[in-house]
Every structure is written in C-alpha cells, then in structure tokens.
Amino acid sequence: MERFKPRDMFVEAGYGPHFADQLLQNAFSKLFEGDPIDERICFDASEDLAYIIDIGHDDIRSEGMSYGMFIAALTDRPELFQKLWNFTRKYLYNAEGPHQGFFAWEVSTTDFSKMDPGAAPDGEEYFAAALLIAAKRFGRIDYREAALKLLDDMKNKPANGVVGPMFDVGRKMVKFSPVLGNDYTDPSYHTIAFYRLFAEETGDNFWLEVAKQSIVYLQQAIHPETGLCAEYSEYDGTPKSTPWYPESHCFSGDAWRVAMNMSLDYALFRGDEVEKTLCEKRLNFFESRRPYLADYAIDGGPFPKEGRAATPGVIAMNAAATQVLPSNDKLIEPFVKDLAALSVPFRFWRYYDGLLYIIGILATAGKIVF
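Residues numbered from 1 in each chain as written. Predicted model: local features only at pLDDT ≥ 70, side-chain atom pairs only at ≥ 80, totals over all residues. Heavy atoms only, no water.

K.L.:
Would you mind going over the overall build of the protein chain with me for this structure?
P.N.:
The helix and strand tally for the protein chain stands at 13 helices and seven strands. At 19 Å, the protein chain has a C-alpha radius of gyration in line with the 21 Å of a compact globule built from 370 residues. With the C-alpha coordinates of the protein chain rotated into their principal frame, the extents come out at 55 × 45 × 45 Å. Counting across all 370 residues of the protein chain, residues that qualify as buried make up 61%. Partitioning the intrachain contacts of the protein chain with sequence separation of at least 6 by distance along the chain shows that 64% fall at a separation of at least 24. Just so you have it, the protein chain exposes about 14300 Å², and 51% of that area is on carbon and sulfur atoms. Mean positive and mean negative side-chain charge positions of the protein chain (38 and 54 charges, respectively) differ by 3 Å. (Helix = DSSP H or I, 4+ residues; strand = E, 2+ residues; numbered from the N terminus. Rg over C-alpha atoms; globule rule 2.2 N^0.38 Å. Buried < 20%, exposed > 50% of the residue type's maximum accessible area, 1.4 Å probe, protein only. Contact = heavy atoms within 4.5 Å. Areas by Shrake-Rupley, 256 points an atom, 1.4 Å probe, with all protein chains shown as cover. Lys, Arg positive; Asp, Glu negative; His and termini not counted. Charge placed at Lys NZ, Arg CZ, Asp CG, Glu CD.)

The structure is reproduced here in structure tokens:
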C-alpha cells in the first residue's frame, strides 16, 4: 500500500528542524523519567516490568499501556517497549475465562490484580499497531506474531454468552466493548490508518473494508458545521448518552482523538477527502471560539456541565489535525503554536493529557510512520 511522507508542521509554522525532537525529549524525560510525585506516569515493577498509571484515577489501563508501547516503538526505545509488554502480558492479559485473548482495561496499582477483566477496543488497536511497528523497528518476529494473534481474536473470537469479537463483522465497525449487549460504538476507536496497516500485515481485506466503513460512519457522526462528534454513538452516528456517563452524547475527552485518527490516515495514505474536510471544519470551529474550551455539545453549544478550558490533550489533537491542511494555510500556525507553547502536563491529571501531548507532537511532526 502506497505511503506518503507526513510533514513536519512545526517547521511549516516557523520552528527549526529539531524543535519537535526537543519537545519530545523534554516530555519523555518528565513523563517517563521525572519526579514520581508531580511528573512521571511510568514506573518500574521490577527490572523487566514497567507500567503506566492513570494518576487521577489511581489505576493502570490498557489505554495507557498501549499508548506507552506505541510511543516507545516510535521513539526507538526497545528496552522500555519490552518492559511495558512484559507487564501487559503478565497482568492485563486474560489467559482464560470468557475474556480470553483480550486485555483487561483496568488493573489495580496495589497488587496488579484485574479490577475489570473486560477489554476496551482502543487499547487492543494500539497494542496491535505498536507490536507491528516494533516488530519492524526492532527486528522482532515474536511481536508480529503476537499482533497477528490479537488481530485474529479481535475479529474472530467466538461469542461465548459474555464476550464476542471487538468488531461487528456485518457492519464492519469497531464496537464500544466486546461484552455482548454493547451494540454501539465510540468515534475515537475508529483508528483508520491502523486498519490499513492491519490489512497489509494480515493480507485480510476485511480491515480495508473496516477503514472504508469508518470514514462513512464518521461523516455521519461528526456535526456538519462544527466538525465535533460525541464520545459515544449508535452505529448510524446518532450521539448516545449512557447511564454511567450522561454527557457521552457530547464532545469531550475521547472525542478529542477523532481528528488525529483522520489526519493520520490522510497524511500517510491520502485516505479520503472527507477526512480533510471534517478536520478543516473542526479547526475552523475552534479558531472561531478562541479562547476555546475542551468540552462542548456537538453543535457547538455549551457542555451540560461547566466546560473546561482547553487542555493539553485537545490542543495536541488539534495541532495533529493540521496535517490535512495545504501548505501556507492560515490555520497551521495558530494551532501548532498552541502546542509548541505548552508545558509538559504535570500533577494530578498528567496521565491522559501527557500521553496525548506526546502522541500529538509525534503526529504534528510527521513522526508517526509505519
């Protein structure tokens, strides 16, 4: 499958050719090696085990572990990658029971026991992508084999009365959860560029069909004027509120990631002009709302609760979305400069914002390649 070279949007915004590397090194040194009280999110369990904590919720999540492996692979840190993978296999993997083949989304920081053995599909998607990237970069066939096994389970796990596959094979769309009864989706789980990678590595055109359907779905799920989408939605794109998260029909933390998913596909594969158009709408919306917030109704109205000021996570994802813009577009500079001006996230809520901050820098600088 033909690849295109992503651009370094920091350079296009007027920064030097090594500026992104400096941002990455500073972020990594603080979040992965810094002060344990206020800075770092990554800790050693032993010489060969490392884990990432959601500091604000005091747990270990498949999201964070998979993001950490993704970052370690893209920044050429094979030892860290192996330590994170060792921990993931030892403590998150379900080797038996109804969830067998998938990774628990939540593990205790006290004794590393599974708090909830259920899986979150975005974690599995990032695990598979990280393993495939690391297999190529580090020359590890075993990583590729693990990724292919996981992808097979994600698609083909037999329903056992509790859990089934992570994808609705008929609709060709990722589910919110493989637990039976969760018949809806999360727009940010549609990692389109990853699906193209999965198709290459497996030789299974199912993944290309998933990529195509995800773009059709996102066009339905994203508001036609604001470019915003909900946290969760029905398969037809209708925003969905849930009992445990009444605001899930609005734009917030999960949904920040949708623009990066589209822009990454567009930058690497020239996936679809729809992705470009939807990212442009979102950037125009935020540019018109400065100083913008992190949380909105998808039509741009107020969030049901008090909306937060823009966080590093949403700022980083917006900067990543500039990959779709033509050179010299007036929207490049303001959004990239927003990201460049940030301090590395620290203290209580540094986990999610910190990981999106690093991934956003990688995407904005054109360093997410596979």
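K.L.:
Teacher, can you tell me more about the nonpolar core here?
P.N.:
With 138 residues, the main nonpolar core has Phe 10, Phe 81 and Phe 370 as its most contacted residues. Tallying contributions element by element places helix H5 (residues 121-138) first for this core, with 11 residues. What Phe 370 contacts, discounting residues up to four positions off in sequence, is Arg 3, Ile 133, Lys 136, Ala 193, Phe 194, Leu 197, Leu 264, Leu 268 and Phe 269. (Core = buried A, V, L, I, M, F, W, Y, C linked by side-chain atoms within 4.5 Å.)

K.L.:
Quick question: what am I supposed to make of the environment of Phe 112 here?
P.N.:
Within the secondary structure, Phe 112 is located in the loop between strand S4 (106-108) and strand S5 (114-116). Residue classification places Phe 112 among the buried positions, given a relative accessible area of 15%. It is 43 Å that separates the C-alpha atoms of Phe 112 and Val 274, two residues lying 162 residues apart in sequence. Residues in contact with Phe 112, not counting those within four places in the same chain, are Ala 45, Tyr 51, Ile 60, Phe 87, Tyr 91 and Val 107.

K.L.:
Can you walk me through helix H3 (residues 62-74) in this structure?
P.N.:
Because an α-helix packs 3.6 residues into every turn, residues spaced three or four apart end up facing the same way. Under the 1.5 Å per step criterion, the end-to-end length of H3 is 18 Å for 13 residues, consistent within 8% with the ideal 18 Å. Once H3 finishes, Asp 76 follows within two positions and takes phi at roughly 55°, a positive value. (Expected span 1.5 Å × (residues − 1).)

K.L.:
Would you take a moment to explain the pattern of salt bridges for this structure?
P.N.:
Pairing between side chains becomes possible if they bear opposite charge and their charged atoms approach one another. Using the criterion set out here, one finds 25 salt bridges in the structure. One salt bridge connects Arg 61 with Asp 54, and the closest N-O pair in it is separated by 3.3 Å. Neither residue differs from the other here; Arg 61 and Asp 54 are each classed as buried. Between Glu 287 and Arg 290 there is a salt bridge whose closest N-O contact spans 2.7 Å. Classification of Glu 287 by relative accessible area gives partly exposed; the value is 28%. Residues participating in the shared-partner salt-bridge network are Glu 63, Asp 122, Asp 254 and Arg 257. (Salt bridge = Lys/Arg side-chain N within 4 Å of Asp/Glu carboxyl O.)

K.L.:
Honestly, helix H12 (residues 332-340) in this entry has me stumped. Any pointers?
P.N.:
Residues of H12 that are buried include every one of Ile 332, Phe 335, Val 336, Leu 339 and Ala 340, and no others. End-on, the buried residues of H12 take up no more than an arc of 140°, which puts them together on one face. Contacts made by the buried residues of H12 are with helix H1 (9-12), helix H2 (19-31), helix H10 (273-288), helix H11 (312-321) and helix H13 (350-364). (Arc of directions from axis to C-beta.)

K.L.:
When you look at unusual backbone geometry in this model, what are you seeing that I'm missing?
P.N.:
Most peptide bonds take the trans configuration, and most residues that are not glycine carry a negative phi. That bond from Arg 290 to Pro 291 is cis: its omega, -5°, falls within 30 degrees of zero. Mapped onto the elements, Pro 291 comes out in the loop between H10 and H11. If you check the backbone angles, Arg 347 has positive phi at about 65° while not being a glycine. For Arg 347, the location among the structural elements is in the loop between H12 and H13.

K.L.:
Can you walk me through the sheet that holds strand S2 (residues 49-54) in this structure?
P.N.:
The strands that make up a sheet pair up through hydrogen bonds in the backbone, lying either parallel or antiparallel. Within the open sheet, the five strands sit side by side as S1-S2-S3-S4-S5. Their pairing is antiparallel. Of all strands in the sheet, those bounded by a partner on one side alone are strand S1 (42-46) and S5. The mean angle between the axes of side-by-side strands here comes to 45°, regardless of whether they run parallel or antiparallel. As judged from the two bridges shared by S4 and S5, these two strands associate in the antiparallel manner. If you follow Val 107 over to S5, its bridge partner there is Lys 114. Along the sheet, H3 makes contact with S2 and strand S3 (59-61), crossing S3 at roughly 60°. (Pairing = 2+ DSSP bridges. Axes fitted to C-alpha atoms, helices over the stretch in contact; angles between N-to-C directions.)

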